Amino acid sequence: AMMNDIRITVTERDGRRYASSGSKWEPLMGYSRAVRTGNAIAVTGTVGANADGTYAASLGAQTRRSLAIIRAALEALGGRLEHVTRTRMYVTDVSRWEEVAAVHGEVFGEIRPATTIVEVARLIDAGAQIEIEADAIVP
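First, a word on scope: everything that follows refers to the structure included in this document. (Residues numbered from 1 in each chain as written. Predicted model: local features only at pLDDT ≥ 70, side-chain atom pairs only at ≥ 80, totals over all residues. Heavy atoms only, no water.)

Our next topic: the packing of helix α2 (residues 59-76) against helix α3 (residues 97-108). The contact between α2 and α3 brings their axes to 8 Å, and the two run at 35°. Both α2 and α3 take part in a crossing whose hand is right-handed. Of the residues in α3, those touching α2 at L59, G60, T63, R64 and L67 are E99, V100, V103, H104, E106, V107 and F108. Split into classes, the residues belonging to the contact of α2 with α3 amount to 6 nonpolar, 3 polar and 3 charged. (Axes fitted to C-alpha atoms, helices over the stretch in contact; angles between N-to-C directions. Helix = DSSP H or I, 4+ residues; strand = E, 2+ residues; numbered from the N terminus. Left-handed = near helix turned anticlockwise from the far one by under 90°. Contact = heavy atoms within 4.5 Å. Nonpolar A, V, L, I, M, F, W, Y, C, P; charged D, E, K, R; others polar.)

Following this line, the structure appears as structure tokens:
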């Protein structure tokens, strides 16, 4: 899916900037897609849901979509993928890590953030196979 179907809105409160991707979970749990404080941006665990709430069958496609949403949130707060210092990846089947690695490597091959990939029993949405967090420092 293309980046142009990702809608990010930004609000500012108490010197922090908040990015929302309109996720149904954000108001329910009281969180933001990403928060910028000073030059640090923290991006919430992001599943690779399409704009209509569906999921691609492929783990690689879900990984690509998750990273596209993360990129849009970073850019909305004045950051870039190049500023990412750490990613954390939660997958429902870690034996398929190569599918994730191929996409993460394509996106971050030159950036080389610290990263973690761990298997979890399940994610919040039944169709989700991966959830990715990112932290960035904007120089």
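Sheet topology note: the strand β4 (residues 40-47)/strand β7 (residues 130-137) ladder contains 6 bridges and is antiparallel. Bridged to A40 within β7 is I137. As paired elements, strand β5 (residues 84-91) and β7 share 7 bridges and run antiparallel to each other. Paired with Y90 across the two strands is E131, which belongs to β7. (Pairing = 2+ DSSP bridges.)

For α2, built from 18 residues, the straight-helix expectation of 26 Å at 1.5 Å per residue is met to within 8% by its first-to-last C-alpha distance of 26 Å. Of the residues flanking the start of α2, the one acting as N-cap is S58, its side-chain oxygen 3.2 Å from the backbone nitrogen of G60. G78 lies just past α2 and shows a positive phi near 85°. (Expected span 1.5 Å × (residues − 1). Polar contact = N/O pair within 3.5 Å; in protein donor to acceptor, adjacent residues only side chain to side chain.)

Now for the pattern of salt bridges. Note that side chains of opposite charge can pair when their charged atoms are close. Tallying each qualifying case throughout the model produces 8 salt bridges. The salt bridge partner of R64 is E106, with a shortest N-O separation of 3.0 Å. Remark: E106 occurs in helix α3 and R64 occurs in helix α2; sequence separation between them is 42 residues. You can call R64 partly exposed: its relative accessible area is 40%. Since its relative accessible area comes to 56%, E106 is described here as exposed. Measuring nitrogen to oxygen at the nearest pair gives 3.4 Å for the salt bridge that ties R80 to E82. The exposure class of R80 is partly exposed, given its relative accessible area of 44%. Three or more residues joined by partner-sharing salt bridges are found here, namely R88, E133 and D135. (Salt bridge = Lys/Arg side-chain N within 4 Å of Asp/Glu carboxyl O. Buried < 20%, exposed > 50% of the residue type's maximum accessible area, 1.4 Å probe, protein only.)

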